[in-house]
Structures are given as structure tokens and as C-alpha cells.
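# Reading the structure
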Amino acid sequence: MTPPVRVVGAGAVSARGKSLAEARNRPASDRTFAGPAGARAAYPSSFDSRRDLPGVPGARRLGRQTGMALAAALEAIASRAPLPEETALVLGTAHGAVAETVAFLDSARGENARYASPTAFSGSLHASMAAPIGRTLGIRGPMLVVSDGDHSFETALFAAIQMLRAGEAPLVLVGACDAYHPMTREALDNFGAISTSSQAIDAAMLRTERGMHLGEGAGFLLLAPDTTDGSPCDGVGVAQVDRVAAWRRDRARGMRILALADGTTRSARLHTAARQAHRSDWPSDAQITHPAANLGAFGSLSAVACADEADRRLRDLGPDVGTDSDTGDDAGDAPTIVLNVGEERVTSVVFTGRGTHPTGAPE
Amino acid sequence: MSGPRPEIGGVGIVSVCGRGVAAALACLRDGGAPPGAPRSIASGLEPTPPVFEVPDDVFTAASETLPAGRGRRSQRIATLAAVDAFAALPRDVPAERIGVVVGTTVTGIRAAEDWIDARAADTRAADTPSQRNRPALRHVPLQALPRSLARRLGCAGPAYSVSTACTSGTQAIATAAGLIDSGRCDVVLAGGVDSLARLTYHGFASLGLLAPSRCTPFARDRAGLNLGEGAAFVLLGRPGTFDAPLARLAGWGSTADAHHATAPRPDGSGVRRALCVALNRAECAPSDVDWVHAHGTGTPTNDAVEAAAICGAFPDGVPVSSTKHVFGHTLAAAGAIATVVAVAARSASYIPGNALIRTPDPAIELDVVPPEGVHAPVETVVVNSLGFGGTNCVLVIDGGSR
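Residues numbered from 1 in each chain as written. Chains lettered and ligands numbered in written order. Predicted model: local features only at pLDDT ≥ 70, side-chain atom pairs only at ≥ 80, totals over all residues.

## Digging into the overall build of chain B
Check the secondary structure of chain B and you find 12 helices and 14 strands. Here chain B has a C-alpha radius of gyration of 20 Å; the compact-globule value for 402 residues is 21 Å, and the two agree. Dimensions of chain B along its principal axes, counting C-alpha atoms only, are 70 × 55 × 40 Å. Looking at chain B residue by residue over its 402 residues, the buried ones come to 64%. (Helix = DSSP H or I, 4+ residues; strand = E, 2+ residues; numbered from the N terminus. Rg over C-alpha atoms; globule rule 2.2 N^0.38 Å. Buried ≥ 20, exposed ≤ 12 C-beta atoms within 10 Å, placed from the backbone.)

Below is the structure:
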């Protein structure tokens, strides 16, 4: 298990809202379920770069994916802005800039090659999402973009944690973003991964063989080094592990598990296998929720789920955190595990309440 | 730096020069063949900007079974380079301790290009080209390539792509060093690959960056870059992994310009900071560096900015050359190819030369290595890379004597 670092800010854009604040004010029963009527439906967000990035220079020229990522990043850094120039940026994406890539290839087809769009080309690269974020926030530290399918956020998070611990940057802004595009849906549909059901995703569907409803979104965390000198800690701890941690049962009462099943046959079966394999690690009163039920399935789902969880914990931190009156035994300290079951492996992100290494740590 | 610097135990390279370090060095010594019209993609442009393309006999001569299909050219190129680098793996490294990090920008894009074109042309008939192209779509996502390499080579550790445009290769190597430093891996196969694709060929043409003939980095009349294709990998391991390491990754530095979508910061401050960070991490003074393997694309802006940064970081001067007149600009593979050439230069005691500069640029005050190169001991090499979006990544390669 990687030693934890502190999360000091979080932001997200998704079908639930254009910010975490907006998502909090939306009833859980309210599900956006748009796109083509009936089958092949999706969970898009209502994000529009021109409208939803007021005051951001050049926002009208940003694609939806970059715009969502920037909006989530701005929310994540709000309490710490302006950031030090040496801040690092690590971004994950499963599919990259699909809209810009398609637009450029369409502009360059056949005899139109000499009229190809330079703007679409420069926006089609994976790194093109990160550059506007760095420019808007004025950060010039290390900038990294990784692509690891459904684990792109976890891979970005691991790299971000390593950067912090190696002293490469004082803060790291880490996130992931994937936008819905009809071509992505069609490509996945070629492999039978898209649900043919017109019903909204529910917990039962997530464990059956009905396929996924695509969503979209961006999630970001602002990471700071963990405190080792006993000073008050103002963030929640997060670490990424390659397997679910073996928590001591008496310290894991009330554990929350965010299970990122996407509704496909593969995911349902792997989820069952993962739960059976780790059943002895989890107390029987663990609360299991399925973020995809409200967000849809997409490559950066874990980023949005992690941002939401971090935000929940940051808002729940009381004034006594890190002081003598804080015994650290609060039931609210129970860890949350964001469990991501992918095609070839399972990754998990573990949240703790105090930003310090949890007692009863994994063996 | 929080830990010992990793060793480089193996290298592999595939380029227009062919397969292997010896072929690459031979090209560097004799200047290599000039670029030509693309064969594996349809240019669609007149006049046709020339490119450096991997020759077909590289694949036909290979004894390895290679991925088939038009859309898997990047995988074929990467596989050959990766296999060569991976041959240096010691026997006792557990599979789950071996990672694969690949820098790439357009791997798999050919399959997407073909599918998107077919969709634009066909109807909803069941057995149409778009339906027949379906299996190739599995190889479109960037993570397909590292996972494919990991399966082939028996690596069970992290396997993912880094995509930061033209710094992808160096960033992948630097990221791999982080995996070793964190304790997650003992060995990492890291490098970069890109093959020719219409996306990048027409994209760079749309930006007016393709040269009409062979590129001349740092020359006054430089007219742009030549696209190339290729792959290069290094096998990194924690100190003591290899019986006879080829070199050491002594330091690295990564920065962002936060300036423009495609152009670097004009004052070169981002590149200069990356150089300084890398040298500091390597505990290396500028005077200890024997050669700077420049990014040197041959475009007016890149070369001027990079030259300013090098002059700022090396106030007493340092031999500088770009090798893109031999390999072309291989995008994500560029930094990895430059790193493998740096390792080879140390072994061969040979500093490759820059393209012939007939008209020096008075604004570029570099000690440019002449085209024939210089035969001299090479201990420490700096590898520069700059990328779209303002990413900068610098590696320092040495022998580990410091």
C-alpha cells in the first residue's frame, strides 16, 4: 500500500452537476437519462464551456472535455488558490480528445487534406487537455498525462503521490476526464458492451449482464504532503493500492465501499469474484454503493467518485481535527474504499479521515 | 531525489535506419538516407512533405511473430524495440515487479482513421467495412499497446501509456524511474513509439511545420521538421539489478510552460528550468556534461527557444546536436530514441553530429557538433525534449561514477 498523502481540495463535473456543490443539492433520486430514447441511452452532463467557465480567458474555444476538466480543477483548488508555480499537474484519460480527433479527421478526409483544421489538430492530443489547465492556473511544475483505460485516474494518482513523496512538487493537482461521444458509444457497442435496456441503471442491473450506460465527467483532487511533525492536519488521507487493504475488522466498522461496476458482464462477474476474494477483509456492516447508478459508466468514473468522497470528508472535518481533543476514534474515521474492477485487474483508492497513516493498517 | 538512481540494463531501437543500435550508429556516422514520400499512408498533399519511414524489411527480417494488420504498425515497431531491450532482463525478477510504461501519441490511430472513414462512406448494411473493421478497434485506445507488450513479455506489474506529445518518451522513462523509486517495481521497460499516421501528417502540415526537404536544425534557413516513425526502449532497474549496466539514469526534470497550445514559452524559461532540475537531481555541474542531445526539430520557434534555454543553463558552452535529420521527428518516440542514442554514444565514444548548417543563425549561439560527429569519450549526456502544450522533459544519462 502506498503511504497516504492529504487531499486538501476536490472538484468534479458529471451528470449529477457541473460542480460538486451543484451535485450535493440534487436529490439522489433525480437521474439524468438522456440521449436517444430507450436503448443506447447515456448520462451526459449539461456542461458547456462557454457558459460554465465565466471569467476564464479563452473558455469559448475549449472543447467540452477540456472545459469539464478545467471546471473540476478550478473547484478543487478554490480553497488554496493561487497555487505555487511549482505545482504539478497529473491527468488521466481513457479515450483522450475524441471529439477533436474526429473533427480533425473529418476535416482532412480525401482531397480536403490541405484544408485540415490546425485548431482541431492541436486539440486532438491527449496533452491538449492539460495545457489549458496549467495555463489558467499558472502552474509550471511537472505535467503528466497518462492513459490506462478504466484505471487512468488510479494510475495518475499513483504517479501524483510518488511526485509528492519524491519532493518533485509542493502540491499536485491530479484528476481524470472523459467526455461522452457517439463514436465512443458506437465503438463500445461493436463489442456488445452497451446496454440495450431503456431502464436507468440500478443496483440490480449492475450485477447482471445488461451492459453499460455511458456517462462522462471529470474529477480532480488537490494533494499535499502528509504531515509527519504532529502539526494539525487539514485534509483527508488517500492512498492507492493494488488490492483491497486487509483492514482489522474492529477498526473498519462502518466501512464504505464505492463499487465501480459498469453494468457489463465482465464487470459483474469480476465484482462478484472480488467480493468473494476479499470477503474476510470486509466487516459485514460495510455499506456498498454504486456511483455508476447515478453517473453512468466511463473511463474517469473513479475520479468523480473519489472527488465526491473527498469532498464529503472535507466538509465533515470538524474544528477539533488534529488537536488534543481529537482521539481519532470517531466512527466517522472508518475508511472508504473506491473499488474499481477493470478488464484485467482491480484497483482501489482508500480514504481515511485524518490524513495520517491509519491504525490497523494493511498487512 | 529520494533514492538511488536507476540503471539502464538494456536498450532497443527501431527507426528508418533499421533495427538495433548498430544500424542507428551507422546511419548517424554516414548521415543516413534523405527522407522520402510516405509509403504507408496516403499523403493527399502536393507537394508532398517527405518523411522518415521504417523500411518494410525490418518486419520481414524479424524472427519474432509480429501483430498483423494495417492498424497495428505501431505495435509491430514497438514490439521489436521492446524485445531487444527486454533481452537484458535478469532471470530472478518476479513478473509482478516488472512494469511497462510507453510514451505514445497516435498508437492505434490508423484503425480509428480507417473506421471513421468507412463509417462516413457506408450505409447501415450489416456486412460493411465499418463492421469488418471492428476487431481492430480493440487496439485504438492508448493503453492497448503497453498491455500488449506486458502480456507478450510476461510482465505483471503496472502497464500504461504516457501521452504528453513530443515529450512522451522521456516522460515515460522519468515516470518509470518513479515506479522504481516508489518501490512498486524493480524493473521497468520504458520508452516511446509512434508510427506515421494521417492524423499527425496532416496535422503538422496544417500548422505549416513540415519541411519541404531534409530538416536543418538550428540553421538560419531552417524550414520545419520531417516526420518520422520509430520506437526505442530502455530497461531500467534499481542499482545492482544488472551484471553489466550500460548506463545510469542520473537525473530528470519535467516542467510546463503554461503558455500556448503549441508554441513554447519564447524566453525558454520552461526548458531551462527542466534542464536545471535534471542537472541538480543528477548532482551534475554544467561543466560535467559532454553532450546535449537536443530536441532540435528544425522549426523556427523550437530551435530558437531551445537554444536560448541551453545557453542559459550552460553559460560556458557545451557540444550540442540534433539527430532529427537522420531519424526524423518521431514524436512520442523522439525522446526515447535520443536516450538510446545517448547510451550508444557513451559506449561508442562518439558524439553524433548535427545536420550541415550552411547559413548559421546569428541568434543561435550554440556549439553545434559538425555533421561528421566527434570521436571522444562521452560520460554524461543531457537529453532534451519539448512538446505541444508546453511540456518539457530533460534526462541526464551517465555511467554512474558520480
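## What about the overall build of chain A?
Scanning chain A from N- to C-terminus turns up 12 helices and 12 strands. Expressed as a percentage of the 363 residues in chain A, the buried residues total 56%. Long-range pairs, those at least 24 residues apart, make up 80% of the contacts in chain A with a sequence separation of at least 6. (Contact = placed C-beta atoms within 7 Å.)

## Some thoughts on helix H3 (residues 73-86) of chain B
Here H3(B) contains 14 residues, and its C-alpha end-to-end distance of 20 Å stays within 8% of the 20 Å for a straight helix at 1.5 Å per residue. In terms of burial, H3(B) is largely enclosed, as 14 of its 14 residues are buried. (Expected span 1.5 Å × (residues − 1).)

## Quick word on the environment of Asp243(B)
Residues and elements named next belong to chain B. Residue placement: Asp243 occurs in the loop between strand E6 (230-237) and strand E7 (247-256). On the basis of neighbour count, Asp243 is assigned to the exposed category, with 8 C-beta atoms found within 10 Å. Sequence spacing of Asp243 and Phe52 is 191 residues, and the spatial spacing of their C-alpha atoms is 36 Å.

## What to know about the packing of helix H9 (residues 269-281) of chain B against helix H10 (residues 300-313) of chain B
All names here are of chain B. The geometry of H9 relative to H10 is characterised by a closest axis approach of 8 Å and an angle of 40° between their N-to-C directions. Comparing their axes, H10 and H9 come out oblique. The chirality of how H9 crosses H10 is right-handed. Between H9 and H10, the contacting residues are Val271, Arg272, Leu275 and Cys276 on the first element and Val305, Glu306, Ala309, Gly312 and Ala313 on the second. Tallied by class, the residues present in the contact of H9 with H10 amount to six nonpolar, one polar and two charged. (Axes fitted to C-alpha atoms, helices over the stretch in contact; angles between N-to-C directions. Parallel < 35°, antiparallel > 145°, perpendicular 65-115°, else oblique. Left-handed = near helix turned anticlockwise from the far one by under 90°. Nonpolar A, V, L, I, M, F, W, Y, C, P; charged D, E, K, R; others polar.)

## Some details on the confidence of the model for chain B
The pLDDT averaged across chain B works out to 93; a share of 96% of its residues lies at or above 70. Taken together, the chains of this predicted complex give a pTM of 0.93 and an interface ipTM of 0.95. (pLDDT = per-residue confidence, 0-100.)

## Some details on the packing of helix H7 (residues 168-181) of chain B against helix H12 (residues 334-348) of chain B
Packed helices, taken two at a time, are described by the angle their axes make and the gap between the axes. Residue and element names in this part refer to chain B. At their nearest, the axes of H7 and H12 sit 5 Å apart, and the two run at 65° to each other. As the angle between them shows, H7 and H12 are arranged roughly perpendicular. For the pair formed by H7 and H12, the contact residues are Gly169, Thr170 and Ile173 on the first element and Ala334, Gly335, Ala336 and Thr339 on the second. Residue classes in the contact of H7 with H12 are distributed as three nonpolar, four polar and no charged.

## Focus: the pairing of strand E3 (residues 88-92) of chain A
Residue and element names in this part refer to chain A. Most of E3 sits out of view: five of its five residues are buried. Looking at chain direction, E3 and strand E4 (residues 143-147) are connected through four bridges and run parallel. By the bridge assignment, Leu89 is partnered in E4 with Met143. (Pairing = 2+ DSSP bridges.)

## Digging into helix H6 (residues 127-137) of chain A
Burial analysis of H6(A) places 10 of its 11 residues in the buried class, which makes it a mostly covered element. Of the residues making up H6(A), those classed as buried are Ala127(A), Ser128(A), Met129(A), Ala130(A), Ala131(A), Pro132(A), Ile133(A), Gly134(A), Arg135(A) and Leu137(A).

## So, the interface of chain A and chain B
Frequently, the measure chosen for interface size is the accessible area that the parts lose on association. Listed per partner, the contact involves 47 residues of chain A and 47 residues of chain B. Elements with a contribution of two residues or more to the side of chain A that touches chain B: helix H4 (98-107), helix H5 (118-124), H6, E4, helix H7 (152-165) and helix H8 (182-190) of chain A. Top contributing element to the side of chain A that touches chain B by residue count: H6(A), with six residues. Of the residues contributing to the side of chain A that touches chain B, the split by class is 23 nonpolar, 17 polar and seven charged. Both E4(A) and strand E4 (residues 159-162) of chain B contribute to a ladder of two bridges, which runs antiparallel. Bridge assignment links Ser147(A) to a residue of E4(B), and that residue is Ser161(B).

## Things to note about the pairing of E4(B)
All names here are of chain B. Where burial is concerned, the two faces of E4 agree: the one with Ala159 and Ser161 and the one with Tyr160 and Val162 are both buried. Pairing geometry for strand E3 (residues 98-103) and E4, over four bridges, is parallel. Across the sheet, the residue bridging to Val100 is Ala159, located in E4.

## Re unusual backbone geometry
Residues Ala81(A) and Pro82(A) are joined by a peptide bond in cis, for which omega reads -5°. Along the chain, Pro82(A) falls in the loop between helix H3 (64-77) and E3. Residue Pro47(B) is bonded to the preceding Glu46(B) through a cis peptide linkage, with omega at -5°. On the secondary structure map, Pro47(B) appears in the loop between helix H1 (21-30) and helix H2 (57-60). We note that Glu283(B) has phi near 55°; this positive angle belongs to a residue other than glycine.

## What about the confidence of the model for chain A?
Residue and element names in this part refer to chain A. With 72% of its residues at a pLDDT of 70 or more, chain A has an overall mean of 79. Of all secondary-structure elements in chain A, the lowest mean pLDDT belongs to helix H9 (residues 203-206), at 57, while E3 reaches the highest, 98. Across residues 35-39, where pLDDT falls below 50, the model places eight contacts with residues more than four positions away in sequence or in other chains. Across residues 318-331, where pLDDT falls below 50, the model places 13 contacts with residues more than four positions away in sequence or in other chains.

## Examining the environment of His260(B)
Among the structural elements, His260(B) can be located in the loop between E7 and H9. Between the C-alpha atoms of His260(B) and Gly389(B), which are 129 residues apart in sequence, the distance is 6.2 Å.

## Concerning the environment of Ser213(B)
If you trace the backbone, Ser213(B) turns up in the loop between helix H8 (198-206) and E6. Taking the C-alpha atoms as reference points, Ser213(B) and Ala308(B), separated by 95 residues in sequence, lie 26 Å from one another.

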